[in-house]
Amino acid sequence: MSDLAIPPLNKKECLDFLSGFIQIHSQSRTAGEIEAIEYMTKAMTEIGLESESIGFKDKQDGMARCNSVGIWKGTGKDTGAKKLLFNGHVDTNPVTEGWTVDPYEGKVDDDFIYGIGVSNMKSGCCAYYMAVKTLKEAGYQISDDVTLTYVVGELQGGAGTVALLEQKVITKETADYFINCEPTDVFALVMHAGSAIFNVNVIGDTRHMSKREEATDAIMASMDAINRFTDLKFSDAKSEVHRSVNRCHVGTIRGGLGRNYETWRPPQVADFVTFTGAARYAPGQNEDIVLQDLEKELIKTKEVYPKMKYELCLEKHDFMPPFEVSPDADIVKYLNMGYREIRGVDQPTGALKPPCFYGSDAGHLYEKLGMEGIVCGPGGKFNTMPDERVDIPDYLDCIRIFMRVILTVCGGYKP
């Protein structure tokens, strides 16, 4: 394993590359995703990686999408070296209200770089690319492979990474370890929740407001259920740490008269409400447990509103499994060592809030391959909000840390 010093960074080049990536309008499920993928494939090819864009059809609607994969081949010099995989997504959320800077400019000031998706997660994507580019241009070689993956559809449950797994582009032989670069403020996230999307219909019994005492108000019953869901922890958590990553959140609600949610007659007591949300559950828990626990809370609401009926289901799309790695695992130790070398302090490590409530493609790599990995990337504090931004020192330090991990894991050397 290499103990070579890491080479210095070209700060301007690192920021310019990220700024150019931000300028691509790669909102999830738009044509801009493909432009972002081609941006990364071209960049990897230019630095000598074996790179290609690999197409697939989305299972939801048959939409043509693609991912980018690049491999820095190892020389085999150090037989004790290991293979390393980096994973990140190029698709972004839509731009919301409240921005005071151009979300697609890639603006840089003294402290931050700004833009839609810069935290989630274009800075992470660029960090591992720039780590490889900087090492290669400084004349370093590696004994075993580094694979860089850039995927789409993470915001639809990891469609891109799942496609690479199903196409056998990523297998157990691809890598011994992975680093998923979702925004953690460069901390080491060793556990995050799985994500299940639920849908509830609440059916009441309507009356005119003059006789509302006789009615079963679907809106009021829904409010009762939503309050119960919001405080919910799920059953059979393996430990208090696992229980700490449980969270339930209702994100949408719609109500009115009948299943068409008629809204033109507000004096009438609403008899039909639909609300949807996300359940976050730990490794060792599952969707069946989530469904059972949600139903228990709805039964409690029904005790308050006896004439209420309900329909509960879990959606079959946008599902992401949980992720876990031992804090004592080798990849965690390598990352911790790199952090201490670069920053001079111990790296915060654990089931850290708020990123423990994320869903990420790390869950797919963990569940489907059993691959040992870690979640760590720049950004987080200003994630998915107006004027989304990343601390410049976090971005640059993350590149340096990734260089150290590559050299250590993959047997880096200078000929």
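Per an unreviewed UniProt entry, the protein chain goes by the name Peptidase M20 dimerisation domain-containing protein and belongs to Kuraishia capsulata CBS 1993.

Draft legend 1. Expanded view of helix 10 (residues 392-409). Look at helix 10: 26 Å from first C-alpha to last across 18 residues, which is about the 26 Å you get at 1.5 Å a residue. Burial runs high along helix 10: 16 of the 18 residues are buried. Phi turns positive one or two residues past the end of helix 10, at Gly411, with a value near 70°.

Draft legend 2. Focus on the domain arrangement of the protein chain. Here the protein chain is partitioned into domain 1 (11-191 + 322-413) and domain 2 (194-314). Computed from C-alpha coordinates alone, the two centres of domain 1 and domain 2 are separated by 36 Å. Taken together, the 10 residues of domain 1 in the interface contact 12 residues of domain 2. Buried surface at the junction of domain 1 and domain 2, both sides included, amounts to about 910 Å², of which 67% is carbon and sulfur. Area buried by domain 1 at its contact with domain 2 is led by Met191, Pro322 and Phe357, which between them contribute 63% of it. Where domain 1 touches domain 2, the interface holds one salt bridge. Where domain 1 packs against domain 2, one counts three residue pairs in polar contact (both at pLDDT 80 or more). In terms of residue class, the side of domain 1 that touches domain 2 is built from seven nonpolar, one polar and two charged.

Cut-offs used in this document
- Residues numbered from 1 in each chain as written.
- Predicted model: local features only at pLDDT ≥ 70, side-chain atom pairs only at ≥ 80, totals over all residues.
- Heavy atoms only, no water.
- Helix = DSSP H or I, 4+ residues; strand = E, 2+ residues; numbered from the N terminus.
- Expected span 1.5 Å × (residues − 1).
- Buried < 20%, exposed > 50% of the residue type's maximum accessible area, 1.4 Å probe, protein only.
- Domains from an automatic or database assignment.
- Contact = heavy atoms within 4.5 Å.
- Buried area = accessible area lost by both parts, 1.4 Å probe.
- Salt bridge = Lys/Arg side-chain N within 4 Å of Asp/Glu carboxyl O.
- Polar contact = N/O pair within 3.5 Å; in protein donor to acceptor, adjacent residues only side chain to side chain.
- Nonpolar A, V, L, I, M, F, W, Y, C, P; charged D, E, K, R; others polar.

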